[in-house]
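# Structural features, examined
Now for the letters of each chain:
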Amino acid sequence: MTISIWRYSHLLLALSTGLFLILASITGIILAFEPIQGALKPYNMVALSEVTLAETIGTLQAEYEEVLSIEVDANDFVLADVLTNDGEGKRLYIHPKTGESLGEPSPQHPIFQFTTNLHRSLFLKSAGRFFVGLVSFLLCLITITGLVLIVKRQGGISKLFSKVQKDYFELRYHVILGRLFLVPILILAATGAFLSAEKFSLLPSTLVVHERVNPDLDVDESVRLQELDIFKTISLADVRNVNFPFTPFPEDYFEVALNDKEIYIHQYTGEILSEKPYPFTFLASKLSLTLHTGQGSMLWSLVLLLASSSLLFFIYSGFVMWRKRIQNSVKFDHKNADVCSHVILVGSETGTTFGFAKLLEKALNKLGKEVLVCQLNEYKTFKKAEHLIILTATYGEGDPPTNARKFMDLLETVQQPNPLKYAVIGFGSTLYPNYCKYAIDVEKGLAATSGFEQTIPLYKIDNQFYDAFREWAIQWSKATGEHLELPAMGIKNKIPKLHEFEVVSKIEPNRDDTFLIRLKAKGNAKFQSGDLLEYRPTEDGIPRWFSIAKLGQEMLLSIKKHEFGIVSNYLDSLKPLENLKAGIKANPHFHFPKKAKEIICISNGTGIAPFLGIIAENNRKIPIHMYWGGRYKTSLEIYTPYLEHLKSAGKLKTLEVALSRTEGSNTYVQDLVKRDSQFISKSLKNGAVVMICGALRMQKDVLEILEKSTLEHLATSLCDFEAKGQLKMDCY
Ligand SMILES: Cc1cc2nc3c(=O)[nH]c(=O)nc-3n(C[C@H](O)[C@H](O)[C@H](O)COP(=O)(O)O)c2cc1C
C-alpha cells in the first residue's frame, strides 16, 4: 500500500475522533493517578509468597468472631470481611500474618468517580459506552497506521529506533514520541475496546461453570481449618479470593479463587470437590482491566499516564502538521498555464517542498515573471514557458512522492511547443540510502528528452536546508541572468551549536590568494573529513561553509581570500593561539566511502581540502587517484607536504595536476578527466566511487564528460552510478 493511503487513513481517523480523544486522554491522565495513589497506601506488610492460606485463616479466626471472606487485591493488599467480637460486620485491610486490622477501605474519591463515569460512558449509559468502545477501536487503527507510517519513515522496522530525520518541532516529535508511546497507546485502545465489547456481551462468557458437588457428609466436625493440609500448601500470593462456607454444615464448602483456577474445598476434610481453570476470556478480561487501568503496578500506571499525556501532544502536533500541509498545497491555475514563462513543478508528500516552491515563485514574481506552481502529476503543455524548475522530494526506496508518480509517463507523452531550460532540485535526506534518488531519475529523464536544456546541474538539498536553497538560487541566477532574491531566512534553519576553536597555524596567502589554516577544537566538537565548518559573521549573519580535512585531532581548511570577503579576510587575520567560534555541519554524504574498491577524487582550487583528510583515512590502501586543477605551479605548493605524505604512506596512488595559467600548460582538470574518461568509466563499472569537490562550473563540465563516457563505454547513464552512491559531490 502506498504511503499516502496510510497517511490519509491516519489523518481521517484522527480527524473523526480527535475531540473525543482529547476528552479520553484528559480523563485518562486523571484516572492514572488512582492506582498510583492506591499503591502508595501502607497495607503491604509482608511478601505474600511467604504466607500460606492456612496461616491467614488461623490468625483471622483467632482474632474475630467470624470470617466471611478473604480477598487479595491488585496491590497485594489483603482484605477480609469479618464479624468482630462485638458482632459488628466489617471490611478491613489486615496483616496476613497477625490478622491485625490495618485500616478500612475508603470509598472512591468523588473526582475519580466522576472521571470514571465520564471516561467510560460520557454519562450516556449504554449509548455512551458503545461510543467509547467504537472510538477505542478507531484509536487502535490510528495507532496501527501511525506505526506503519513511522516504520516507513525510518526506512524499515530494523531502523525504527535509528536517528530521526530533522524536521520542524511538531513533526519531529510526532515521530520521536510515536516510537515510544504508540505501543502503550495501542494497548490502552485495544483493552478499552475489549472491555466495551465485554460489557455488551459481544465476547464468549467469562464465567467458570462447576458441576454439582456432593460433599461427604459423614465427617469429623471438630477439625480446625488451619490444620487442613490443602490450606498449608496454598501460598497467599496465588489467592484472589476465598469465600468461607455459609454454614458449619458439611454441605457448605470453601470457594477459593486462585490466579489460574477456581476450586471448591470441603470445609472439614480439605478434599477438592471441584476444580475448574478459568476460561481464556476470563483471563483476557482480567489482563485487559489491569493493562487498561494500571491497577497493581505503579510503573505501568506511570507509563499509562505518560501515554495519555502524549496522546494530547499527538492531537496537537498532528493538527499542526495537517494545517501546514493545507497551507502549503497549491491549486492548479489552468489559465496561467498558457501564459506563464516560468513553471515550477513540485513533487511533495508532506508539503515542505511546496514551501520552497512558494518562495521561489515570490522571487520570480518580483522580477516581473509570470509563474505557475503545480504538482509534477499535473505536467502538461505550457504554451509560453521558457523555464522549468522542478523541486522534488524522494520517498520509500527512492520512489517519487504520490503527487509525482505520473510525471515520468507524462514526460514521454506531453510535447512542449517550445524548448525549455530546466533545473532540478532534489529534496531528500542523507539518512536514507537512496539520497534524492527520484530527483536523479527526473534529471536523467529530462536529459534524455529532446527539447530540454539544462541550466545548472541537479542540486540536492539535505534536510530542507534553507541556506543550500539560497545557494542554488545564486547559481541559477548566475546561469540565467535572472537575479533571484530569496529572503535571508525564509524557512527556519537550525543554527548549529557553536564550538570554540584555537588557531594552531596559518600560512600567508599564496599567489592566487589561497591560504591554509589549522584549527584545534577546545571542547568536544566532533567532525570528520568532508564535514563543513560553518561560520556566520556578525556583519550579515549569512553562513559560509568550509570543507574540513581532519588530520589527527586538528582540522585543516583551505581558504580563498576575496578582496571584500568578510569571512575570508577575517580568517586570514587570525594569528596562532587566537580563538574563533564556529559550528560543524555534518555532511555524511561526502565522507570516506568505506565500501569503495577504488576512489577517484576530482577537484579544483580549494576543493582539494577535504580530500587531504579523506585520503588519510585510506588505511586499507585501496587505489586512490586524485585529479586536481589550479592556476600556477605555486598554487599546488601549499598542499605538497600533505600530498607527499599521503603518497609515501601508500594511501594516494596517483596525482594528476592541470595548470591553467602556466606557460607551456593551459589545461583544466576537465581536460584530464576527458583524457582519462575511459579509465574512470571502467573503474566505475568495477565499483569505484568518484568524488567531486570544487567549483560548480567544473562540476558541470566533469559530469557532462563522464555522462558521455559512461553512455559510450558502458551504455549506462552516470545517474545510475549516482543512484548507487558511486558519485559524490560537494561543489559550490
Ligand atoms: C517515509 C520517508 C521516506 C523517505 N525516503 C527518502 C529517500 O529514500 N531518499 C531521500 O533522499 N529522502 C527520503 N526522505 C526524506 C524526504 O524526501 C525529505 O524529508 C523531503 O524534504 C520531504 O519533502 P516533502 O515534505 O515535500 O514531502 C524520506 C522521508 C520520509 C518521511
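Residues numbered from 1 in each chain as written. Predicted model: local features only at pLDDT ≥ 70, side-chain atom pairs only at ≥ 80, totals over all residues. Heavy atoms only, no water.

Attention shifts here to the pattern of salt bridges. Taken as a whole and assessed by the stated rule, the structure comprises 22 salt bridges. Glu 211 is the partner of Lys 276 in a salt bridge, and the nearest nitrogen-oxygen pair spans 3.3 Å. Of this pair, Lys 276 sits in strand 8 (residues 272-277) while Glu 211 sits in the loop between helix 5 (169-199) and helix 6 (229-233), placing them 65 residues apart in sequence. According to the relative accessible area criterion, Glu 211 is exposed, its value standing at 54%. Here Asp 467 makes a salt bridge to Arg 536, at a shortest N to O gap of 3.4 Å. Residue Asp 467 is found in helix 13 (residues 466-480), and its partner Arg 536 is found in the loop between strand 17 (532-535) and strand 18 (544-547); the two are separated by 69 residues along the sequence. Assessed through its relative accessible area of 5%, Asp 467 is described here as buried. One salt-bridge network, held together by shared partners, links Lys 506, Glu 508, Lys 561 and Asp 572. (Salt bridge = Lys/Arg side-chain N within 4 Å of Asp/Glu carboxyl O. Helix = DSSP H or I, 4+ residues; strand = E, 2+ residues; numbered from the N terminus. Buried < 20%, exposed > 50% of the residue type's maximum accessible area, 1.4 Å probe, protein only.)

Right, let's get into the UniProt feature "domain: Flavodoxin-like" (unreviewed entry) in the protein chain. UniProt feature "domain: Flavodoxin-like" (unreviewed entry): in the numbering of this structure it lies at residues 342-477. The span residues 342-477 shows a helical share of 33% and a strand share of 25%, and its end C-alpha atoms are spaced 14 Å apart. (UniProt positions renumbered as here; feature names shortened; annotations may be inferred.)

Once that is clear, we can look at the domain arrangement of the protein chain. Looking at the protein chain, the domain boundaries give domain 1 (3-40 + 110-203 + 290-323), domain 2 (48-96 + 208-278), domain 3 (329-480), domain 4 (495-590) and domain 5 (592-732). Just the C-alpha atoms count here: the centres of domain 3 and domain 4 sit 34 Å apart. Taken together, the contact pairs 7 residues of domain 3 with 8 residues of domain 4. Note on domain 3 versus domain 4: buried area summed over both sides is about 550 Å², and carbon and sulfur give 64% of it. Among the residues domain 3 hides against domain 4, the three largest losses belong to Thr 430, Phe 465 and Asp 467. Together they make up 62% of the total. At the surface where domain 3 touches domain 4, the tally comes to 1 salt bridge. At the boundary of domain 3 with domain 4, the tally comes to 1 residue pair in polar contact (both at pLDDT 80 or more). Ranked by residues supplied to the side of domain 3 that touches domain 4, first place goes to helix 13 with 3 residues. (Domains from an automatic or database assignment. Contact = heavy atoms within 4.5 Å. Buried area = accessible area lost by both parts, 1.4 Å probe. Polar contact = N/O pair within 3.5 Å; in protein donor to acceptor, adjacent residues only side chain to side chain.)

If you walk across this open sheet you meet the 8 strands as 4-3-2-1-5-6-7-8, and the pairing is antiparallel. The open sheet has two edge strands, strand 4 (101-103) and strand 8, and neither has a second partner. Shown here is a sheet whose adjacent strand axes are inclined to one another by a mean of 25 degrees, direction ignored. Sheet topology places strand 6 (residues 253-258) next to strand 7 (residues 261-266); 5 bridges connect them, and they run antiparallel. (Pairing = 2+ DSSP bridges. Axes fitted to C-alpha atoms, helices over the stretch in contact; angles between N-to-C directions.)

Moving on: the sheet that holds strand 23 (residues 624-630). Read from one edge to the other, the open sheet built from 5 strands follows the order 24-23-22-25-26, with strand pairing classed as parallel. Because the sheet does not close on itself, it has two edges, and the strands there are strand 24 (654-659) and strand 26 (727-731). Ignoring strand direction, the axes of neighbouring strands in this sheet form an average angle of 10 degrees. Here strand 25 (residues 689-694) pairs with strand 26 via 5 bridges, running parallel. Within strand 26, the position partnered with Val 690 by the bridge is Leu 727.

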